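Letter by letter, the chains look like this.
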Amino acid sequence: MKVKLLLLATVFCSYIVFVPMIASMGNFSNAVQESLKGSVGVFSVCGGEALYGGGTIVGKNGEILTVSHIVPRQDCDVVVKTTDSAKIYGARIVKIDPVRDLALISVDAETENVVYLAGRKLNTGETIFTVGAPSRLQGSVTKGIVSNTEVETPATPGAIIYDITVLPGSSGGGVFNEEGELAGVIKAKFTTVDSGSTLAVGIRRQAIVDFLKESMPNENYTRKVF
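Residues numbered from 1 in each chain as written. Predicted model: local features only at pLDDT ≥ 70, side-chain atom pairs only at ≥ 80, totals over all residues. Heavy atoms only, no water.

Visitor: Explain the layout of surface pockets here, please?
Guide: A probe as big as a water molecule, rolled over the atoms, marks out the empty space that is left. Estimates place the volume of the second largest pocket at around 190 Å³. Lining the second largest pocket are 15 residues, with Tyr52, His69, Pro168, Gly169 and Ser171 positioned closest to its centre. Of all the elements in the fold, those that place two or more residues in the lining of the second largest pocket are β2 (49-57) and β11 (182-191). With four residues, β11 is the single largest residue contributor to the lining of the second largest pocket. Among the residues forming the lining of the second largest pocket, the class breakdown is nine nonpolar, four polar and two charged. (1 Å grid on protein atoms, 1.4 Å probe; cavity = no way out; pocket = protein on both sides within 12 Å on 5 of 7 lines; lining within 4 Å. Points joined across faces, edges and corners; volume = space filled by probe spheres on them. Helix = DSSP H or I, 4+ residues; strand = E, 2+ residues; numbered from the N terminus. Nonpolar A, V, L, I, M, F, W, Y, C, P; charged D, E, K, R; others polar.)

Visitor: In this structure, what is going on with the packing of aromatic side chains? I would like to understand it.
Guide: Geometrically, a pair of aromatic rings is defined through the distance of the ring centres and the angle of the planes. In this structure the tally under the stated criterion is two aromatic pairs. Each ring, one from phenylalanine 28 and one from phenylalanine 129, has its centre 5.4 Å from the other, and the planes form 80°; the classification is edge-to-face. Taken as a pair, phenylalanine 28 in helix α1 (residues 2-37) and phenylalanine 129 in strand β7 (residues 127-132) lie far apart in primary sequence, 101 residues in all. The burial state of phenylalanine 28 is the same as that of phenylalanine 129; both residues are buried. Between the aromatic rings of phenylalanine 129 and phenylalanine 176, the centroid separation amounts to 5.3 Å while the plane-to-plane angle is 25°, which identifies the pairing as stacked. Of the two residues, phenylalanine 129 is situated in strand β7 and phenylalanine 176 in strand β10 (residues 174-177); the sequence distance between them amounts to 47 residues. Each of the two residues, phenylalanine 129 as well as phenylalanine 176, counts as buried. Site record: aromatic cluster; members linked through ring pairs are Phe28, Phe129 and Phe176. A cation over an aromatic ring shows up here: lysine 143 above the ring of phenylalanine 28, its NZ or CZ 4.5 Å from the ring centre. (Phe/Tyr/Trp six-rings, centres within 6.5 Å; stacked < 30°, edge-to-face > 60°. Buried < 20%, exposed > 50% of the residue type's maximum accessible area, 1.4 Å probe, protein only. Lys NZ or Arg CZ within 6 Å of the ring centre and 35° of its normal.)

Visitor: Please clarify how the pattern of salt bridges should be interpreted in this entry.
Guide: Should their charged atoms come close, side chains of opposite charge can pair. If you walk through the whole model with that rule in mind, you get seven salt bridges. With a closest N to O distance of 3.3 Å, aspartate 101 and lysine 187 form a salt bridge. Pair noted here: aspartate 101 is in the loop between β5 (88-97) and β6 (102-107) and lysine 187 is in strand β11, with a separation of 86 residues, a long-range link. When its relative accessible area of 5% is taken as the criterion, aspartate 101 is described as buried. On the basis of relative accessible area, lysine 187 is assigned to the partly exposed category, the value being 25%. (Salt bridge = Lys/Arg side-chain N within 4 Å of Asp/Glu carboxyl O.)

Shown next, in the form of structure tokens:
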């Protein structure tokens with residue numbers, strides 16, 4: 001009898017541990033799928049140079065957030081592709097902020113966005129994922145953690161460090177928390193000299209909020225879908 005009770009207790013405890021874990025995994029997968037719907041590939045030609053990266057839909061009238069080093073000048077020719085590559089749009093550049101390394105572009109189409117802006121900043125050790133177009137593999141998702149939140153300087157406003165895999169083409173892609181809320185943007189990668197480890201430099205939430213308030217002053221950016 002005692003053995004049976006012990007077995008039942010073991011099974012019950014395992015159920016308590018693993019069921020929430022499975023549910024959590026399902027919620028994370030759902031968050032990734034929703035974020036993919038709000039992510040696009042951004043491709044530009046500037047002075048004969050081809051540039052590419054990711055972007056996130058941030059408005060109902062075709063507004064898309066990306067980084068300015070993908071669209072560095074107003075005369076760049078810009079094309080946007082949906083994550084499933086089913087639609088391609090020509091885009092115009094609305095605003096470029098080279099200091100924050102952010103840009104707002106727009107396509108001539110109504111956009112349905114499912115991405116929420118995170119209501120809080122990211123903490124060190126927190127799980128994140130990003131959607132970008134590394135090596136032109138649009139809609140690629142990588143997962144990692146926040147490595148360092150204390151790297152912001154006057155020369156690098158809004159900087160934050162992620163321990164996450166990024167490649168050429170990852171820049172401009174949204175950084176999302178485990179709930180799938182937009183909490184940052186990938187800016188660049190760097191390799192540490194001592195260990196050879198590759199980390200990613202991102203643009204934190206507050207810099208995005210400030211930029212969008214300047215670029216889209218009539219919107220509400222706290223928790224609402226853009």
